Amino acid sequence: MEQSKKISGALISVYYKDGLEPIVRQLHADNVTIYSTGGTQSFIEGLGIPVVPVESMTSYPEIFGGRVKTLHPAIFGGILHRRNLQADLDQAAQFNIPTIDLVIVDLYPFEETVSSGADHQSIIEKIDIGGISLIRAAAKNYNDVVIIPSVNQYAAFLAMITENGSQTTLAQRKAFARDAFMISSHYDTHIFNYFNQEDEVPVFKQSVLESQSLRYGENPHQRGWFHGDFAAMFDQLHGKELSYNNLLDVDAAVQLMADFENNDPTFAILKHNNACGLATRPTLAQAYADALAGDPTSAFGGILIGNRTIDLATATLINDLFCEVVVAPGFDADAEELLKSKKNRILLVQKKVEMPKRQFRTLLNGVLEQDKDMLSESASNFESRTNKQPTAQEVQDLIFANKLVKHTKSNTIVLAKNGQLIASGTGQTSRVDALKQAIEKANNFGFDLKGAVMASDAFFPFPDCVEIAHLAGITAVVQPGGSIKDELSIDYCNAHDVAMVFTGNRHFKH
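Residues numbered from 1 in each chain as written. Predicted model: local features only at pLDDT ≥ 70, side-chain atom pairs only at ≥ 80, totals over all residues. Heavy atoms only, no water.

Asks: I'd like a description of the pairing of strand β3 (residues 33-36), backed by residues and values.
Replies: As paired strands, strand β2 (residues 9-13) and β3 are joined by four bridges and run parallel to one another. The residue bridging isoleucine 12 from the neighbouring strand is serine 36, located in β3. In this fold, β2 hands off to helix α1 (residues 21-29), which returns the chain to β3; that crossover is right-handed. As paired strands, β3 and strand β4 (residues 52-53) are joined by two bridges and run parallel to one another. The residue bridging tyrosine 35 from the neighbouring strand is valine 52, located in β4. (Pairing = 2+ DSSP bridges. Helix = DSSP H or I, 4+ residues; strand = E, 2+ residues; numbered from the N terminus. Right-handed = clockwise from strand over helix to strand, strands pointing away.)

Below you can see the structure in the form of structure tokens.
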């Protein structure tokens, strides 16, 4: 059985004092000598518990406005000297260095200060020096010292010493050291990224502390995790645990609806990261009904998202469909109650949070990084390139279709009419095939393509797509332009009375 080491001396210096009191009381009950400084010292003294001021160990007061408190050989020697080396023990005795077996410390709230919009100097003052040094020192010497590096470890440590007294095993100390290096590396990563905003050094430095295990990855034989604070973005009102694939679809849904956030009531249905239904209507119930009509087959088992609170009328329609997840800014009480009638249906209330502006993807032996595609064109971005100008309704449909094409797997073609997704061709190796797929789907579901519009994620190198679209009834087209053979498509449109506008922006999505 692994032998435990008793804690005889503890250094406590923390920013957050919530949850600290029961730990201090247990240490005192176990006759542990407590060393502290500043506000933590005052807090412990306020509990009526004796505490040794750090200044009495170092013979120095806090200096430079508190920037220097614990940076002293008496402190770090007490932590770092090796208890199994007689030479270290002799030196500790020679210089009257006390034994510190426990360090409880946390770090100044650097991330929170940056997020608050504070000025540069205030942010700089929240770069911890003494705390980070204490964490590293104690974690390095985990063979003899236990490090509690943040308030998040208080509960586990309190449970440990309450059950066993103020003593720890090597395995416990090593686990806390692992947590300590995780916290210190995370802290330094965020400091680096703050300084790396101007004259950016192209290096991959990201750190997320929050993490949850998933049932499995994309397939049952793969393990999966989500690294992030899901609860900061969503309140889950009902349903089972989200899967890896659910999360991919929810992300696609949220990204899509962000481009329709300020539109009239809009509803989208997604499957495998692509929209199979989308409509904007005067009411959310109408928007859902017309989104479902776009492809009622693919909607089965899909992800649903709306840009308005789900009311009872909308929920009544949704309840007839088997769907995995429903996402909305809110749910009326009666709508929520109805939708909860299916025990596994996941209901998510989306909160307003700042979304990342960078995207990452692992590949080969490295990581790809890019800026997120934040462009969303409006009518002012359209450059008419044909004799015929699009009508007012066609312009609105072109904007609608062009927003959607940005969020659909390439190669893609989107067909829309009167604020409704008629059909899309997704993820095809040929743009012509994507268009033919979209036309076939539209015909299969009984849509009349006469007067519909077409959006493409990339330019047309040949006039074949505009010809096929025209013959199917399409009357207006939006595309990036930029092909050396743009004139071929323009000439065809002019010859057949089709309006076409260029945006100048490609929207590949792979």
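Asks: Lay out the nonpolar core with the relevant residues and their values.
Replies: Ranked by size, the top nonpolar core spans 50 residues in total, and within it Leu27, Ile79, Ile104 and Phe157 carry the most contacts. Tallying contributions element by element places helix α10 (residues 170-195) first for this core, with seven residues. For phenylalanine 157, the residues in contact, after removing those within four places along its chain, are Ile7, Ile23, Leu102, Ile104, Val146, Ile148, Thr168 and Phe176. (Core = buried A, V, L, I, M, F, W, Y, C linked by side-chain atoms within 4.5 Å. Buried < 20%, exposed > 50% of the residue type's maximum accessible area, 1.4 Å probe, protein only. Contact = heavy atoms within 4.5 Å.)

Asks: Can you break down helix α4 (residues 73-80) residue by residue, with the values?
Replies: Extensive coverage of α4 is indicated by the burial of six of its eight residues. Looking at the buried residues of α4, the elements they touch are β2, α3 (54-58), β5 (102-105) and α8 (130-140).

Asks: Before we move on, can you summarise the pairing of strand β11 (residues 266-271) with the specific residues and values?
Replies: With five of six residues buried, β11 is to be regarded as a mostly interior element. Two strands pair when backbone bridges link them, and β11 and strand β12 (residues 274-280) are joined in this way by six bridges, in the antiparallel orientation. When the sheet's bridge partners are listed, lysine 271 is paired in β12 with asparagine 274. Pairing of β11 with strand β13 (residues 302-306), which is carried by four bridges, proceeds in the antiparallel orientation.

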